[in-house]
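Topology and contacts: notes
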Amino acid sequence: MTSPTIPGLEKSVSDEEPIKRSRSLNWRQIGLAAALILPNMALLAVFTYRPLIDNFRISFYNWNISSPDMRFIGFGNYIEWFTDDTSWQIARNTLIFTVVAVIGSMAIGLALAMLLDQHLRGRGMVRTIVFAPYVISGAAIGVAFQFVFDPGYGLIQAVLDWVGVSTPHFYQHSGWALFMITTTYVWKNLGYTFVIYLAALQGRRADLDEAAEIDGTGPWRKFWRVTLPQLKGTTFFLSVTVLLNSFTVFDIIQVMTQGGPFGTGTSTLIYQIYQETFVNNRAGYGAAVATIMFLLVLIVTLVQVKLQDKQD
């Protein structure tokens, strides 16, 4: 006599094996993901997050970098920075340099990308020439542009003398000196924005361009209404990366002006960090400036991300 079977029991029992297999597969996937992610997280923890935490801790001390003795002073370094008139001049230099560098390199890079995104003879050679300065050392670019801006025998002096205009004193006036290093930086990093924009232009939708041409849309209207909206993601990416790079410019300033003229005429926050830490031997004060710069960059980046999310 056979024992009765409960309806649905055989199905539920037979389904246990696939469930166990899927669970074991999930654990294998988790293990693989951990094996791939943990080494990178360990590197970030050791070389990024730990120095960041140490920098924040050091900013509360008065410390000569060449001495093991550290004296806790609380927020003294921060108070000194915010009450020093020189700090506000350096912050102003940083703001002007960053805004002009970001807008200038992106605008000129987009213009060149639009120009060379056409079937022109020798465009490959021109693309190489435009991108080449980006891979050259900033110190080498700074040395080269010292001769370009030299008021006695530089290239700009020769051009201005030819048209009968006197050469500005780039190394004796803070405004002209800031213009000089900003122009040099934009010229060096122009190839980066150019290449990214060119790749984005070559990947845009051709059907939208064809529809605009059929409708008789003019070049400027087509650029603003058809081309530029397709570059929104690329523009956001470049605005973040170029901004971060401009905050860390040191080599061009060191080679061309050493933060001058008149002490802090072209000094930026990153240059002040170097000056206070390694020249004035005030590592605690330099760490406080580094923390302030980190917070400024973080706030600006978060604002950019928030604005991008609203547009999307």
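Provided above is the structure to which this section pertains.
All figures in this text were calculated on a predicted structure; none of them were measured in a lab. (Residues numbered from 1 in each chain as written. Predicted model: local features only at pLDDT ≥ 70, side-chain atom pairs only at ≥ 80, totals over all residues. Heavy atoms only, no water.)

The next point concerns the pattern of salt bridges. Two side chains bearing opposite charge may form a pair once their charged atoms approach each other closely. Scanning the model with the defined rule gives 5 salt bridges in all. In this structure, arginine 204 engages aspartate 117 in a salt bridge whose closest nitrogen and oxygen atoms are separated by 2.8 Å. On the criterion of sequence distance, the pair formed by arginine 204 in the loop between α8 (174-202) and α9 (206-214) and aspartate 117 in the loop between α4 (85-116) and α5 (123-131) is long-range, its members being 87 residues apart. What makes arginine 204 partly exposed here is its relative accessible area of 24%. Arginine 282 serves as the salt-bridge partner of glutamate 276, at 3.8 Å between the closest nitrogen and oxygen. Note on glutamate 276: relative accessible area 12%, which makes it buried. Beyond isolated ion pairs, a larger network of salt bridges with shared partners links Arg50, Asp54 and Arg57. (Salt bridge = Lys/Arg side-chain N within 4 Å of Asp/Glu carboxyl O. Helix = DSSP H or I, 4+ residues; strand = E, 2+ residues; numbered from the N terminus. Buried < 20%, exposed > 50% of the residue type's maximum accessible area, 1.4 Å probe, protein only.)

Ranked by size, the top nonpolar core spans 32 residues in total, and within it Tyr197 and Met293 carry the most contacts. Those elements that place two or more of their residues in this core are α3 (76-83), α4, α8, α11 (232-247), α13 (269-279) and α14 (283-311). Sorting elements by how many residues they give to this core places α14 first, with 7 residues. Counting 16 residues, the second largest nonpolar core, distinct from the first, contains Leu178, Met180, Ile181 and Val249. (Core = buried A, V, L, I, M, F, W, Y, C linked by side-chain atoms within 4.5 Å.)

By the definition in use, this model includes 22 aromatic pairs. Residues phenylalanine 60 and tyrosine 78 carry aromatic rings whose centres are separated by 5.8 Å and whose planes lie at 50° to one another, so their mutual orientation is tilted. Taken together, the residues phenylalanine 60 in the loop between α2 (16-58) and β1 (61-63) and tyrosine 78 in helix α3 connect sequence positions 18 residues apart. Each member of the pair, phenylalanine 60 as well as tyrosine 78, is classed as buried. Ring pairing ties together the aromatic residues Phe145, Phe149, Phe170, Trp176, Phe179 and Trp187, which thus form one cluster. The ring of tyrosine 285 carries arginine 282 above its face, with NZ or CZ at 4.4 Å from the centroid. (Phe/Tyr/Trp six-rings, centres within 6.5 Å; stacked < 30°, edge-to-face > 60°. Lys NZ or Arg CZ within 6 Å of the ring centre and 35° of its normal.)

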